[in-house]
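Structural description and commentary
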Amino acid sequence: QVQLEESGGGLVQAGGSLKLSCAASGSFFSINVMSWYRQAPGKQRELVAALTSGDNINYANSVKGRFTISRDNAKNSVYLQMNSLKPEDTSVYYCYVQAKITKFVLQGFWGQGTQVTVSS
């Protein structure tokens, strides 16, 4: 019912910046949560940042002060501004959205993932 299109990944040097975008489309009543996860090879997928419809924001300790999550309700999009990137930020980044498919049914959806590589 919901399709997520991610973009903005790429290769940057340490200390550089990237901005990831995720746009939601399809049939849904409303979006409750928009968030970003990342998963590096051999490691578990971890939450990077989350933004609820009530504007409650959570960040992983490893990215606090460097990453900023934001949303554009008119475009049904969520963004992740990543500054002061470090090699350990290298990972595949996934957009995750929880949307109300009907008035009472909440469903989670994953984006396809976008590669972020930070060189030393």
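Anything mentioned here points back to the structure above.
Residues numbered from 1 in each chain as written. Predicted model: local features only at pLDDT ≥ 70, side-chain atom pairs only at ≥ 80, totals over all residues. Heavy atoms only, no water.

The next subject is the sheet that holds strand S1 (residues 2-7). Across the sheet, which stays open at both edges, the four strands sit in the order S1-S3-S8-S7 with antiparallel pairing between neighbours. Two strands close off the open sheet at either side, each with one partner strand: S1 and strand S7 (67-72). Taken pair by pair, the neighbouring strands of this sheet meet at an average axis angle of 15 degrees, ignoring direction. Relative to strand S8 (residues 77-82), S7 runs antiparallel, the two sharing six bridges. Its bridge partner lying in S8, Ser 70 is registered against Tyr 79. (Pairing = 2+ DSSP bridges. Helix = DSSP H or I, 4+ residues; strand = E, 2+ residues; numbered from the N terminus. Axes fitted to C-alpha atoms, helices over the stretch in contact; angles between N-to-C directions.)

In this structure the tally under the stated criterion is four aromatic pairs. Look at Tyr 37 and Tyr 96: their rings are 5.9 Å apart centre to centre, the planes differ by 85 degrees, and that puts the pair in the edge-to-face class. Taken together, the positions of Tyr 37 in strand S4 (residues 30-39) and Tyr 96 in strand S9 (residues 91-100) put the pair 59 residues apart, joining distant regions of the chain. Here Tyr 96 falls in the buried class, since its relative accessible area comes to 16%. Both rings, one in Tyr 37 and one in Trp 110, keep their centres 5.1 Å apart while their planes meet at 65 degrees; by these two values the pair is edge-to-face. Pair noted here: Tyr 37 is in strand S4 and Trp 110 is in strand S10 (residues 106-110), with a separation of 73 residues, a long-range link. Classification of Trp 110 by relative accessible area gives partly exposed; the value is 40%. Through a chain of ring-to-ring contacts, three or more aromatic side chains come together here, namely Tyr 37, Tyr 94, Tyr 96 and Trp 110. Just above the ring of Tyr 94 sits the side chain of Arg 45; from NZ or CZ to the centre is 3.8 Å. Against the face of Trp 110 rests Arg 45, its NZ or CZ located 4.6 Å from the ring centre. (Phe/Tyr/Trp six-rings, centres within 6.5 Å; stacked < 30°, edge-to-face > 60°. Buried < 20%, exposed > 50% of the residue type's maximum accessible area, 1.4 Å probe, protein only. Lys NZ or Arg CZ within 6 Å of the ring centre and 35° of its normal.)

For the structure on display, the rule yields three salt bridges. A salt bridge links Glu 46 to Arg 38, with the nearest nitrogen and oxygen atoms 2.8 Å apart. Arg 38 gets classed as buried once you look at its relative accessible area, which sits at 6%. Here Asp 89 and Arg 66 are joined by a salt bridge, their closest N and O atoms 2.7 Å apart. Linking Asp 89 in the loop between S8 and S9 with Arg 66 in the loop between strand S6 (57-59) and S7, this pair joins segments that are 23 residues apart in sequence. What makes Asp 89 buried here is its relative accessible area of 1%. Within this structure, Arg 38, Glu 46, Arg 66 and Asp 89 form a network of salt bridges that share partners. (Salt bridge = Lys/Arg side-chain N within 4 Å of Asp/Glu carboxyl O.)

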